[in-house]
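The residues making up each chain are set out below.
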Amino acid sequence: MDKQTCLYAAHKSMGARLVPFGGWEMPLHYGSQKEEHHQVRRDAGMFDVSHMTVVDLDGPDARPYLRRLLANDVKRLKDSGKALYSCMLNEQGGVVDDLIVYFLRDDWYRMVVNAGTTEKDLAWLNKQAEDFDLQIKPRRDLAMIAVQGPNAREKALPLLPAEIRESVAALKPFNAAPGDGWFIARTGYTGEDGFEIMLPESEAPGFWQVLADAGVAPCGLGARDTLRLEAGMNLYGSDMDEDVSPLESGLGWTVAWEPAERDFVGRSVLDAQRKDTGKRRFVGLLLAGRGVLRNHLKVFAGETEIGEITSGGFAPTLGRSIAFARVSAGIGETCDVEIRGKRVTAQVVKAPFVRNGKACISL
Amino acid sequence: MSNTPSELRYAKSHEWVKNEGDGTVTIGITDHAQELLGDLVFVDMPEVGDNVEAGSECAVVESVKAASDIYSPVSGEIIAVNEALDDAPETINDDAFGEGWIFKVKLSDAADLEGLLDAAGYDATVAEET
C-alpha cells in the first residue's frame, strides 16, 4: 500500500492523476504535464515533494562524519544555511544516493534524500555512524513544497510566516534560512529560481492553498521530470545507482578531491577511475528530427553499440527531444539512437539544455 | 459518465472507426486513450498508398510519457493522413473524436466493420481495464 503525503486530499480536489512513485501515491499531473512545465518556465509552479526525507544530523561529530560519508566536502560550507549537493557512495564507488546537505551549525546539519531510497539510506547512515558521536533523526513530521519559476519568490514571500520573511527575502541561491519550525531554501530541481520549503505537516495544506490562491500552479512529477532533464540534473535510479560511479554519471564536479588525505567512502575506487581514460562518458543528446528519446534506448556509433540512454524525453521548452546517455569514451559530435528498430541521428551536447527559461544549446 | 460517441465503432486497442458510408473509414484514438497517454508530442503516420491489415501496427503516437502503437482496426489502403497533426499533435488531446483523426482507409472488406465494438461495448472494455 503506497503512502500518502499530508497534501493528498488537496491533490485529489485539484484533479491530480495520482500514480505510485518511490512507495508513495503522488500526482503525475493535474491535467496537462506540458502546461505545468511551461508554467514553471514562465511564471510559477509548485510541487509536493513531501515524499522526500529530511534527515537531521545532530551532535559534535556531525562534520567529521559527513566528511567521511560524502564525496563532496562539507568543509566547503562556511556560512550557516549554505547548501551542498553531493553523492553518498558505497565502498565500490557506486552511488547509494544523491542528496543536498545544509550546514546550520557545527553540530547541526540537515540533508534531504530521495523517497525511494530512504530506508536504505537510513540504514547506511546509521552503519557509517558507528564511530561518530551524533544522532540521525529522520524528520517525518515535516512536509516539503517546492515553489519554482521566475515569479516563484515574489509570489511565495508574502505568504511566509512574518518572522522569517525578511531573512528569506535576503537568501542567495543555494542558501537556506530556518525559523518558526519552517526551513526555506533557495534551491530546486527545475533550473528556475525559487524555494524549497520545509514546514510542519499540519501547516502544509493551508500553505498549499494560499499558494494556489496566489496563482502558483500545482505541478506533478511529470513536469518535474522534464524540467530537471532540461536543466541537466540527474535522477537517482535512472542516471546513476549503486553500480555506477559519479565519474561516469556526469557528477565528477561534485567530488571534492582536495584535500587528498580526506578518506571518504569509495575514494580509493574513484582515485583509480579518475586516471582511467577509458571510463564511460555521460553526455547530453539532442534529437535532430522527430521522435522521442526514451530511457534505455541503445546508442550507436556507426554499427557499434556504445551505450544507452539513462533518461530521455520530450523537452517542452525546446520542442525537441533530449536525453542523457552513458557511452564509451570515444563518442564524437553525433551518434545514432535506435527507436523502434530505426536509427535516428542525435547531436552530442553539453547539459544543461535550459536555464532560467532560456535554451543553453543551439537548436 | 461516458462521452463515447454512439455513431462510431471501436477496437479494444482504443482506436475509433467512423464509417463514411462510401467504402472508406476514418480512424483515430479514443478520448480515453489520449487521456491515458497524456500530452501528445509526435505522431508517426503511415504513408498514403500503404496497404494495412486489420490488427497490424500502422502508426505511433508519442506523448510526454510514452510511445504507443496504433493498430488499424480494418484492412485496406491508406488514402489520407491528418497532416495537421505534424504541427499540432495536441489536437488529439483536445478533440480525439473529431479534428484529431489520424488516417483514412479504403476498406478491402466491409465485413471488418462488423467485428468492431459499439460504444457500450467499448465502455465495458474500458471499465474492465480500470
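Residues numbered from 1 in each chain as written. Chains lettered and ligands numbered in written order. Predicted model: local features only at pLDDT ≥ 70, side-chain atom pairs only at ≥ 80, totals over all residues. Heavy atoms only, no water.

1. A few points about helix α4 (residues 118-128) of chain A
Residue and element names in this part refer to chain A.
Moving on, step 1. Here α4 has its buried residues at Thr118, Asp121, Leu122, Trp124, Leu125 and Gln128. In an axial view of α4, the angular spread of the buried residues amounts to 165 degrees, which keeps them on one side of the axis. Away from its buried face by more than 90 degrees, α4 exposes Glu119 and Lys127.
Moving on, step 2. Residues of α4 that are buried sit in contact with β4 (53-58), α3 (62-69), β5 (83-89), β6 (95-105), β7 (108-113) and β8 (135-138). (Buried < 20%, exposed > 50% of the residue type's maximum accessible area, 1.4 Å probe, protein only. Helix = DSSP H or I, 4+ residues; strand = E, 2+ residues; numbered from the N terminus. Arc of directions from axis to C-beta. Contact = heavy atoms within 4.5 Å.)

2. Looking at the sheet that holds strand β4 (residues 40-44) of chain B
All names here are of chain B.
Moving on, step 1. If you trace the three strands from one edge of the open sheet to the other, you get β4-β6-β7, paired in antiparallel fashion. The sheet terminates laterally at β4 and β7 (67-71), the two strands that pair on one side only. Averaged over all pairs of adjacent strands, the angle between their axes in this sheet comes to 25 degrees, without regard to strand direction. (Pairing = 2+ DSSP bridges. Axes fitted to C-alpha atoms, helices over the stretch in contact; angles between N-to-C directions.)

3. Let's talk about the packing of aromatic side chains
All names here are of chain A.
Moving on, step 1. By the definition in use, this model includes 11 aromatic pairs over all chains.
Moving on, step 2. Geometrically, the ring pair formed by Phe282 and Phe324 is tilted, given 5.4 Å between the ring centres and 45 degrees between the ring planes. Pair noted here: Phe282 is in strand β14 (residues 281-287) and Phe324 is in strand β17 (residues 320-327), with a separation of 42 residues, a long-range link.
Moving on, step 3. The ring centre of Phe183 lies 4.7 Å from the NZ or CZ of Arg110, which sits over that ring.
Moving on, step 4. Looking at Arg274, its charged tip hangs above the ring of Trp257, at a distance of 4.1 Å from the centre. (Phe/Tyr/Trp six-rings, centres within 6.5 Å; stacked < 30°, edge-to-face > 60°. Lys NZ or Arg CZ within 6 Å of the ring centre and 35° of its normal.)

4. Thoughts on the pairing of strand β2 (residues 24-29) of chain A
Residue and element names in this part refer to chain A.
Moving on, step 1. Judged by how many residues are buried, β2 sits mostly within the fold: five of six residues are covered.
Moving on, step 2. Of the pairings in the sheet, the one linking strand β1 (residues 17-21) to β2 comprises five bridges and is antiparallel in character. Among the inter-strand pairings, Val19 is bridged to a residue of β2, identified as Met26.
Moving on, step 3. The loop that links β1 with its antiparallel partner β2 comprises two residues; one of these, Gly22, has a positive phi angle of about 55 degrees.

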